[in-house]
Amino acid sequence: MSTRLAKGGRFLDKGKPVTFTFNGKRLKGYEGDTLASALLANGQVMVGRSFKYHRPRGIVASGAEEPNALMNHGAGGTFEPNQRATTTELYDGLQAGSQNHWPNLEFDVGAINAGFSRFLTAGFYYKMFIHPRPLWKHVYEPFIRQSAGLGKAPKEQDADTYEHFNVNVDVLVIGGGIAGLQAALAAGKSGAKVLVIEQTAHWGGRAMVDEPLAEGRIGGAPVDKFVEETRAALEKMPNVSMRLRLMGAGVYDHGYVLGYERLTDHAPTAAGPRHRLWRIRAKRIVTATGAIERPLSFAGNDVPGVMLASAVRDYVVNFGVSVGDRVVVVTNNDSAYLTAIAMKKAGLEVPCILDARPEGGGALMQAAQDLGIPVETGKAIAKVKGTRRVTGVAICVQAGEGAVLKEIACDAVAMSGGWSPVVHLWSHCGGKLTWDTGHAHFRPDVDNPPRDDAGEAFVIPVGTANGAMHIALALEDAEMSGRAAAKAAGHKPKPVATPDVTSPQEAAMEPVWLMPQGAPYELRMKAWLDFQNDVKVSDVQLAAQEGFESVEHAKRYTTLGMATDQGKLSNINGLAILSDALGQPIPQTGTTTFRPPYTPISMGAIAGEARGAVFQPIRRTPMQAWHDAHGADWEPVGHWRRPYAYPRSSESVHDAVMREVKNTRQALGLLDASTLGKIIVKGPDAGRFLDMMYTNMMSTLKVGKCRYGLMCSENGFLTDDGVVARIDEDTWLCHTTSGGADSVHGHMEEWLQTEWWDWKVYTANVTEQYAQIAVVGPNARKVLEKLGGMDVSKEALGFMEWKEGEIAGIPARAFRISFSGELSYEIAVPASQGLAFWEALMEAGAEFGAMPYGTEALHIMRAEKGFIMIGDETDGTVIPQDLGLHWALSKKKDDYLGKRAQERSHMADPTRWKLVGLETVDGAVLPDGAYAVAEGTNANGQRNVQGRVTSTYHSPTLDRGIAMGLVLHGPDRMGEVIEFPGVDGKTYKAKIVDPVFYDKDGEKQNV
Amino acid sequence: MSEPVSALGGVTWADGIAQIAEIGPQGMITLRGDFDDPEFRVAVKNAVGLDMPGQRAVQMSGENTLCWMSPDELLVLCPYGDVAAMLAALTSALAGHHALAVNVSDARAVFRVTGPYAREIMAKLTPADLAPDAFKTGMFRRTRMAQVPAAFFLRETDSFEIVCFRSVAQYMFDLLKTAAQPGSEVGYF
């Protein structure tokens, strides 16, 4: 049984007991516990079921590398799956639950899979479920989904808040162990702006546990004194910032780093955001990320109670928790002896240390033997006894094939297969690795670092993360690199005295990838590599046998390292097995790619503040609140929300649209057109410039006049349209589509800045300076005359003219333009008085039947007049010639953007579909986007087509369906009836007609 | 004649870790021209009463502020009622020169964020370096705040002035409130 010891636990505040629940059971822990340590203290070693075979799984590690102890946390709006118990700080009221079992953790129906494990080998799903095809979707997949998988997706909206935070520093130190602190000190004393971040809640890292057990000293004092003094010194430096619970999640180009800060995970009732995503821009990044211990691959190494040796001593030293009364230690290196020493000193039994090395270890072995712990060298575990809990181990010789020498009763196994530097952050941005034969691990290849724009290394690994496995080496390395980082960031490096270090030297480790080395299949298929994804030694060997030679392919075939822990424990062991199976050295096999984030980070942190009201900016016109108060049904147009229609209480949206069209044609309609783009173009070369931007001639436009213009890309495609007004000799005002204002302005500036930089033209986007209101209908002039201040008579303000003055006492620019075919004025007033002007119009217009109308009525009225709409009649592949807009293409100009492109053979091809009007034979409305079919079929057996619908509406004016479309030889086929099959199964027949359905001679607008 | 109304009517909020206020109506003029032309500089000085600001900086005096927007663009901040006169002065002083002066007072919204945590609130929303030694009173940035373009400067210690487009004023206000929620002090700057 694991239990709480009477003494020990340097993180605990035993004066502060807390209560939490696990699978509904109330348990007790202390402040300072992690969920994992508290579960162990309550005798709960088994914490979940494995992904594929549903084998019982226990806590393996004590930190971020934990593969098994994944929990559901919380409930409702704070429910979150897949949380590692080893990095979850305990708090009062924590609710945790185990995952991937049914009906419960102790009795799990899915465990039957384990009985079939002989058949569920690597690639089983690929081989088994490929035939017959339909069975996958309906039988296999639902079954596998039920049986495989870890946490459940949350069902409610996240109740917490999140945010981002941007900082710029000279040197970012990731990792707050002794190497990180020393590097920060060196960089800080050199004058650099330093940020040190540590993912846990404590400074000092591994050395705080290991060195006291090894009786190591820094500067003649225990390690904690060094850590405390260094921390205090850093705290005092104004150029150094320190943060706990902030993990370096990812390293990106140009020294950009994402940091993941967990603010209230340990204190969920505290105010403020739960997580904060730090977006750090650093000149140099020092990775002091330490190392992770590797498991050993022996049969039954996944039985609950088998743990990493370092974790076993962490639980004793940090949390006062023993994982068992009798712990067998199995190792290939010296560090695991510290675990034996820790257990013994805590008064627990260590029946035996199995050291796979024939010669055993160095000074630490001696120290363990001096404490009376038996050491067996050259020995290994043949297999672990027990299913839901370790009951003993069978011992064999490492060099053999697993013949059992004896069995030892025990309730936990502490294993160590050596240490792998945490190279993830180094590797994220391209840092290469080198194989260190002495320690049998990959460490950063400092000659092939991630490089900055100057070709210099911008990530500098230090300490154990750099393969400096002895504390003295680590401190020296850190001091040197901290200084180098400060220097690279432009500061004068100042050396920091490296204190004297005494700590036992370790004997050489010996790589052990399989235990025993000649283990037969029966043992190999119980020797786990990846605990979370259920990948065993035999699976990787099978993959190699089946031809998966690339480590990336073998990874995907076996799923090794593809779980939420990203193979922190399994990768090196797995690729060693793969290399052995392929008969090649490990460096030749290489590693899989390390990708950010280092451990999973919350979706909320990534989204930051962007949720709810600020999920996305919504652009509002000055009259938005009025529209909202008057029942507007909204339509998104770019980031704007525009009223689609204003349905009245009992009215449908469709009926409202019909009413708005009729009222505008018969009386008076008001449209909020403020979203239209408005760009001032000014300068001696402005006319020449606009002649290039537009297909029309704009330089000849008279002051006081307006002209409709088309804008094309350099490839000839129609991109935007609008009315251009000439303000004075040097100044034009260009109206754009609502969605096009920013892009048209950018398009103009791009040409001015890159091609015509010597032309004297300035532009300014004044879109939002004005509220613009279209006053439309037979009564339009009457209401403006009633408001007074400007002569808007036919004589004073003719069609396609504009005028500046005052209307209703508000400064106004009136444009006599029409997109509806009615008598129409667009009045621009300062945005700050837009609402006042709108309300004045509504009030004065009441007697003339004024009603607001929305975008759909606008669309219908323009379609009745055969006016094109960018985005309906155009889709990025349509040129003005397709739309019969030849009249707008100036023949007098040498050039305009798109002119030459429009002369290409495909653009001049007479078989390009051309714009026509379409009138259904029975008056029905054509389906939007429908295709007109032609005779025969194409190479794919589909019906040939000869045209498509681009706009289609019910016209209340004509009381029938009207449409526009692009049709093969359309303008030459007037009167012909073509067929449009609809998705509703019906076939619609429509006659090809002129696109102008209403008031062909323009008499109504010209009054 | 109706009174001009700013985008949010001067709304304020102080329930978080800083004070947030929409200010305005604020007079604003976009001015483009050749900064190297001494006559342009003199014309600006005479009309606005301020010397040319340096790159990414503002000049402040009395009620007028002159902001550097780009190598050929300035933004003049002045009392709303002064815009017409100042525009006229600029236009006449720059007659014959290639320059553009245009009223953009109503095209924008202006916010003020004040308090010891103002810097941190801003740093939550913009990638610009806002460390006290990197961003000081009188400096000016055109950048983004979350998902919208914005420009800002420190009018005085702990008091940022932010200019954004009028249409996204509500977004900006909601954004600042979110970033200033109670308990969200970072404690970094």
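The rules behind these values
The numbering scheme is per chain: residues are counted from 1 as the chain's sequence reads. By the order in which they are written, chains take letters starting at A while ligands take numbers starting at 1. Reporting of local features is limited, given that this is a predicted model, to residues whose pLDDT is at least 70; pairs of side-chain atoms are given and counted only at 80 or more, and all residues count toward the totals for whole chains, interfaces and linings. Derived side-chain values reflect all non-hydrogen atoms in the structure, with water molecules and hydrogen atoms excluded from consideration. For the purposes of this entry, the term helix denotes a DSSP run of H or I that reaches at least four residues, the term strand denotes a run of E that reaches at least two, and both are numbered from the N terminus. Exposure is judged per residue with a 1.4 Å probe applied to protein chains only, and the accessible area is read against the type maximum: over 50% gives exposed, under 20% gives buried, and values in between give partly exposed. Whether two residues are in contact is decided by their heavy atoms: any pair within 4.5 Å suffices. Only the protein chains shown count as cover for residues, with accessible areas throughout obtained via the Shrake-Rupley method and a probe of 1.4 Å. Under the convention used here, Asp and Glu are negative, Lys and Arg are positive, and both His and the chain ends fall outside the count. Here the site of a charge means atom NZ of a Lys, CZ of an Arg, CG of an Asp or CD of a Glu. Here the globule rule is a power law, 2.2 Å times the number of residues to the power 0.38, and the radius of gyration is based on C-alpha atoms. Only strands that DSSP links by at least two bridges are regarded as paired with each other. The axes used here are C-alpha line fits, helices contributing only the stretch in contact, and every angle between their N-to-C directions lies in the interval 0 to 180 degrees. Note: buried area is the sum, over both parts, of the accessible area (probe 1.4 Å) each one loses when the two are combined. The working definition used for a salt bridge is a side-chain nitrogen of Lys or Arg within 4 Å of a carboxyl oxygen of Asp or Glu. By definition, turning the near helix anticlockwise from the far helix through less than a right angle yields a left-handed crossing, and turning it clockwise yields a right-handed one. Gly counts as polar in this scheme, as do all residues outside two lists: the nonpolar Ala, Val, Leu, Ile, Met, Phe, Trp, Tyr, Cys and Pro, and the charged Asp, Glu, Lys and Arg. N or O atoms within 3.5 Å of each other form a polar contact, as long as, within protein, one can give a hydrogen and the other can take it, and as long as residues adjacent in sequence are counted only when both atoms are side-chain atoms. UniProt positions are given in the numbering used here, feature names are shortened, and annotations may be inferred rather than shown by experiment. Think of a nonpolar core as a cluster: buried Ala, Val, Leu, Ile, Met, Phe, Trp, Tyr and Cys residues, connected wherever their side-chain atoms sit within 4.5 Å. On a range of 0 to 100, pLDDT expresses the predictor's confidence in each residue.

*Asks:* Is there a simple way to think about the overall build of chain A in this case?
*Replies:* Assigned secondary structure in chain A consists of 25 helices and 51 strands. Across its three principal directions, the C-alpha atoms of chain A cover 115 × 70 × 55 Å. Here chain A holds 1007 residues, and the buried ones make up 61% of them. The contacts in chain A between residues at least 6 apart in sequence include a share of 66% that link residues at least 24 apart. Just so you have it, chain A exposes about 39,000 Å², and 53% of that area is on carbon and sulfur atoms. Seen as two clouds, the 105 positive and the 117 negative side-chain charges of chain A have centres 2 Å apart.

*Asks:* Just checking my understanding: could you explain the overall build of chain B for this structure?
*Replies:* Along chain B, the regular secondary structure elements total four helices and 11 strands. Against the compact-globule benchmark of 16 Å for 189 residues, chain B has a radius of gyration of 17 Å, which places it among compact chains. Expressed as lengths along the three principal axes of its C-alpha atoms, the size of chain B is roughly 55 × 45 × 30 Å. Sequence-distant contacts in chain B: of pairs separated by 6 or more residues, those separated by 24 or more amount to 61%. When the accessible surface of chain B is totalled, it reaches about 7,100 Å², and 49% of it is carbon and sulfur. A distance of 4 Å separates the average location of the 15 positive side-chain charges in chain B from that of its 21 negative side-chain charges.

*Asks:* Hey, could you run me through the sheet that holds strand S46 (residues 914-920) of chain A in this one?
*Replies:* Consider a sheet: its strands pair through backbone hydrogen bonds, and that pairing is either parallel or antiparallel. All names here are of chain A. A sheet is described by the order of its strands in space; here six strands give the open sequence S47-S48-S49-S46-S51-S50, paired in antiparallel fashion. The sheet is open, and its two edges are formed by strand S47 (931-937) and strand S50 (977-981), each paired on a single side. Across this sheet, the average inter-strand angle for adjacent strands is 35°, counted without regard to direction. Looking at chain direction, S50 and strand S51 (residues 987-993) are connected through five bridges and run antiparallel. By the bridge assignment for S51, Val 977 is matched with Lys 991. Sitting on the sheet, helix H25 (residues 855-864) touches strand S48 (943-955) and strand S49 (960-967), and the angle it makes with S48 is about 115°.

*Asks:* Help me understand the interface of chain A and chain B, please; the structure alone is not making it clear to me.
*Replies:* In many analyses, interface size is given as the accessible surface area lost on bringing the parts together. The partner chain B presents 52 residues to the 52 residues of chain A that form the contact. Taken together, both faces of the contact between chain A and chain B bury some 4,100 Å²; the carbon and sulfur share is 54%. Between the two partners, chain A and chain B, sit three salt bridges. Linking B:Arg32 and A:Glu749 is a salt bridge whose minimum nitrogen-to-oxygen distance equals 2.9 Å.

*Asks:* Honestly, the side chain of A:His441 in this entry has me stumped. Any pointers?
*Replies:* Looking at the secondary structure, you find A:His441 in strand S28 (residues 441-444). Filtering out sequence-adjacent residues up to four positions away, A:His441 remains in contact with A:Arg294, A:Trp419, A:Ser420, A:Pro421, A:Thr434, A:Trp435, A:Asp436, A:Gly467 and A:Met469.

*Asks:* When you look at the packing of helix H5 (residues 178-189) of chain A against helix H7 (residues 223-236) of chain A in this model, what are you seeing that I'm missing?
*Replies:* Pairs of packed helices are described in terms of their axes, by the angle between the two and the distance that separates them. Residue and element names in this part refer to chain A. Two elements in contact, H5 and H7, have axes whose closest approach is 10 Å; the angle formed by their N-to-C orientations is 35°. Here H5 runs over H7; the crossing is left-handed. Along the contact surface, H5 presents Ile 178, Leu 181, Gln 182, Ala 184 and Leu 185, while H7 presents Val 223, Phe 226, Val 227, Thr 230, Ala 233 and Leu 234. Per-class residue counts for the contact of H5 with H7 are nine nonpolar, two polar and no charged.

*Asks:* What am I meant to see in the sheet that holds strand S10 (residues 148-156) of chain B here?
*Replies:* All names here are of chain B. An order of S1-S2-S8-S11-S10-S9 is seen for the six strands of this open sheet, with the pairing classed as antiparallel. Looking at strand neighbours, the two that pair on one side only are strand S1 (12-13) and strand S9 (140-145), the edges of this open sheet. Along the sheet, helix H3 (residues 118-125) contacts strand S8 (108-114), S9, S10 and strand S11 (159-165); its crossing angle with S11, the most-contacted strand, is approximately 30°. Taken strand by strand, helix H4 (residues 169-179) contacts S1, strand S2 (19-23), S8, S9, S10 and S11, and its axis lies near 15° from that of S8.

*Asks:* Please explain the environment of A:Asp959 as it appears in this structure.
*Replies:* All names here are of chain A. Summarising the element assignment, Asp 959 is placed in the loop between S48 and S49. Note: C-alpha distance between Asp 959 and Val 537 (422 residues apart in sequence) is 76 Å. Polar contacts involving the side chain of Asp 959 include one to the side chain of His 954, which spans 3.3 Å.

*Asks:* Whenever I open this one, the pairing of strand S9 (residues 162-174) of chain A confuses me. Can you help?
*Replies:* A regular strand places its side chains so that they alternate between the two faces of the sheet. All names here are of chain A. Most of S9 sits out of view: 12 of its 13 residues are buried. Of the strand pairs in this sheet, S9 and strand S15 (residues 275-287) are connected by 12 bridges, and their pairing is parallel. Within S15, the residue paired with His 164 across the bridge is Leu 277. Examined bridge by bridge, S9 and strand S10 (residues 194-197) share four bridges and lie parallel to one another.

*Asks:* Explain the packing of helix H21 (residues 686-693) of chain A against helix H22 (residues 741-754) of chain A to me, please; I cannot follow it from the model alone.
*Replies:* Residues and elements named next belong to chain A. Interhelical geometry of H21 versus H22 gives an angle of 115° and a closest axis separation of 12 Å. Every pair of crossing elements has a handedness; the one defined by H21 and H22 is right-handed. Packed against H21, whose contacting residues are Phe 689, Leu 690 and Met 693, the element H22 presents His 747, Met 748, Trp 751 and Leu 752 at the interface. Its residues assigned to classes, the contact of H21 with H22 shows six nonpolar, one polar and no charged.

*Asks:* I tried to follow the environment of A:Phe298 on my own but got confused; where do I start?
*Replies:* Residue and element names in this part refer to chain A. By secondary structure assignment, the location of Phe 298 is in the loop between strand S16 (291-293) and strand S17 (306-308). Residue Phe 298 is classed as buried on the basis of its relative accessible area, which comes to 0%. Once the C-alpha coordinates of Phe 298 and Tyr 825 are considered, the two residues, 527 residues apart in sequence, prove to be 85 Å apart. In this structure Phe 298 touches Val 306, Val 330, Ile 381, Val 384, Val 413, Met 415, Met 515, Lys 526, Ala 527 and Trp 528, once residues within four positions along its chain are discounted.

*Asks:* Help me understand the UniProt feature "domain: SoxA A3" (unreviewed entry) in chain A in this model?
*Replies:* Within this structure's numbering, the places UniProt gives as "domain: SoxA A3" (unreviewed entry) are residues 526-608 of chain A. Within residues 526-608 of chain A, the helical portion is 46% and the strand portion 6%, while the C-alpha atoms at the span's ends are 44 Å from each other.

*Asks:* Looking at this structure, how should I read the nonpolar core?
*Replies:* A general feature of soluble globular proteins is that nonpolar side chains tend to end up buried together. One finds A:Phe298 and A:Tyr315 to be the most contacted residues of the largest nonpolar core, which totals 99 residues. The residues contacting A:Tyr315, other than those within four sequence positions of it, are A:Ala36, A:Ser37, A:Leu40, A:Ile59, A:Ala61, A:Ser62, A:Thr86, A:Met307, A:Gly320, A:Val321 and A:Val323. Counting 55 residues, the second largest nonpolar core, distinct from the first, contains A:Leu172, A:Ile280, A:Ala282 and B:Phe173.

*Asks:* Is there a simple way to think about the pattern of salt bridges in this case?
*Replies:* Pairing between side chains of opposite charge can happen when the charged atoms of each approach one another. Across all of its chains, the model carries 58 salt bridges over all chains by this definition. Here A:Lys193 and B:Asp133 are joined by a salt bridge, their closest N and O atoms 2.9 Å apart. On the criterion of chain membership, the pair formed by A:Lys193 in the loop between H5 and S10 and B:Asp133 in the loop between H3 and S9 is interchain, its members lying in two chains. Here A:Asp872 makes a salt bridge to A:Arg862, at a shortest N to O gap of 3.2 Å. With A:Asp872 in the loop between H25 and S46 and A:Arg862 in helix H25, this residue pair connects regions lying 10 residues apart in the sequence. Judged by its relative accessible area of 26%, A:Asp872 falls in the partly exposed class. Residue classification places A:Arg862 among the buried residues on the basis of a relative accessible area of 0%. Through salt bridges with shared partners, a single ionic network connects A:Glu163, A:Arg243, A:Glu261, A:Arg276 and B:Lys124.

*Asks:* Honestly, the confidence of the model for chain B in this entry has me stumped. Any pointers?
*Replies:* It should be kept in mind that the predicted coordinates are not to be read in detail where pLDDT is low. Per-residue pLDDT for chain B has a mean of 96; in total, 99% of the residues score no lower than 70. The ipTM value of the predicted complex is 0.97, and its pTM value is 0.94.

*Asks:* What is the right way to look at the pairing of S11(B) in this model?
*Replies:* Residue and element names in this part refer to chain B. The buried count for S11 comes to six of seven residues, which makes it a mostly enclosed element. For S8 and S11, the ladder comprises seven bridges, and the chain directions are antiparallel. The residue bridging Thr 114 from the neighbouring strand is Ser 159, located in S11. Taking the residues between adjacent antiparallel strands as the criterion, S10 and S11 are bridged by two residues, where Asp 158 takes a positive phi near 65°.

*Asks:* Honestly, H25(A) in this entry has me stumped. Any pointers?
*Replies:* Helical periodicity: at 3.6 residues per turn, an α-helix aligns residues three or four positions apart in one direction. Residue and element names in this part refer to chain A. Taken across its 10 residues, H25 has 10 buried, putting it largely inside the fold. Listed as buried for H25 are Thr 855, Glu 856, Ala 857, Leu 858, His 859, Ile 860, Met 861, Arg 862, Ala 863 and Glu 864. In the core, the buried residues of H25 are packed alongside strand S33 (633-637), strand S34 (640-645), helix H20 (653-666), strand S35 (668-672), S48 and S49. Positive phi shows up at Gly 866, right after H25, with a value of about 75°.

*Asks:* Just checking my understanding: could you explain the side chain of A:Glu211 for this structure?
*Replies:* All names here are of chain A. With respect to the element layout, Glu 211 can be found in helix H6 (residues 207-214). For the buried Glu 211, no salt bridge is present, and the opposite-charge side chain at shortest range is Arg 206, 8.6 Å distant. A polar atom in the side chain of Glu 211 sits 2.7 Å from the side chain of Ser 503. Beyond its immediate sequence surroundings of up to four residues, Glu 211 is in contact with Gly 216, Val 223, Ile 471 and Ser 503.

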